[in-house]
Amino acid sequence: MSVLPLVFTSGWASGINAYAVVLLFGVFGATGLTDEVPESLQRTDVLVVVGVLFVCEAVADKIPYVDSIWDTAHTVIRPVSGAVVAALLAGQSGSLPEIAAGAVGGSTALMSHLVKAGTRMAVNTSPEPFSNIAVSTAEDLGVAGIITFAIFHPLAAAIVAGGLLLLGIVIIVFLAVKIRNFRRRKAERRARRRVAATWPD
């Protein structure tokens, strides 16, 4: 079977949490659960480094506004990680050119990252921190679940990942329209107040 579904799913997950993707693939490969994972992702030093970075992300991702700063810093890291993981998976499988796999993984990671970052900016408008914790935990569990599912059912996992990506884009567009309308109404009210203030009695 082509490795494309696994590449797409890993790209989507990398845009959410790139370190979790590398860590999970590495552990699955090292424990022999799959032979789809290249040796470079199973190395002990790689697993230790991504494990530490995963813990850092797990903490930073749950703190309001710190998560958005973290997302900004990872605007390049997540797509690059998605592209590299995809290319390595394709090289291991041999069923898809590595350049094509890297393009699919990187572009998918970029899209899911933008959805994640946009959603977090909206969540940060909430005055309490529990929304961030809940959303971050759901994202971590979602990445773990989809990557595990993809190891055994790559095509079905890719369909789920595609659906989640599409849903995320729809939500972001909806929120963007709502925010734009809110700002327009606010500007109109401010303008009416200025006119009323300058109108002679």
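Structure: see above.
Residues numbered from 1 in each chain as written. Predicted model: local features only at pLDDT ≥ 70, side-chain atom pairs only at ≥ 80, totals over all residues. Heavy atoms only, no water.

S.K.: How would you sum up the packing of helix α1 (residues 4-30) against helix α7 (residues 154-198)? Please name residues and give values.
M.R.: Axes are the key here: two packed helices are described by the angle between their axes and the distance separating the axes. Contact pair α1 / α7: the axes reach a minimum separation of 8 Å and the direction vectors enclose 40 degrees. In terms of orientation, α1 lies oblique with respect to α7. Here α1 and α7 pass one another in a crossing that is left-handed. Facing Pro5, Leu6, Phe8, Thr9 and Trp12 of α1, the residues of α7 in contact are Pro154, Leu155, Ala157, Ala158, Ala161, Gly162, Leu164 and Leu165. (Axes fitted to C-alpha atoms, helices over the stretch in contact; angles between N-to-C directions. Helix = DSSP H or I, 4+ residues; strand = E, 2+ residues; numbered from the N terminus. Parallel < 35°, antiparallel > 145°, perpendicular 65-115°, else oblique. Left-handed = near helix turned anticlockwise from the far one by under 90°. Contact = heavy atoms within 4.5 Å.)

S.K.: Could you give an account of the environment of Gly105, with specific residues and numbers?
M.R.: Looking at the element boundaries, Gly105 is found in helix α5 (residues 98-123). Using a relative accessible area of 0% as the deciding quantity, one classes Gly105 as buried. Through-space distance from the C-alpha of Gly105 to that of Ser81 is 8.5 Å; in sequence the pair is 24 residues apart. Setting aside its immediate chain neighbours within four residues, Gly105 contacts Val7, Gly11, Gly82, Ala83 and Ala86. (Buried < 20%, exposed > 50% of the residue type's maximum accessible area, 1.4 Å probe, protein only.)

S.K.: Tell me what's going on with the nonpolar core, and back it up with residues and numbers.
M.R.: Core analysis: the largest hydrophobic core is formed by 31 residues, its most contacted members being Phe25 and Ile147. If one sorts the elements of this core by residue count, α1 sits on top with 11 residues. (Core = buried A, V, L, I, M, F, W, Y, C linked by side-chain atoms within 4.5 Å.)

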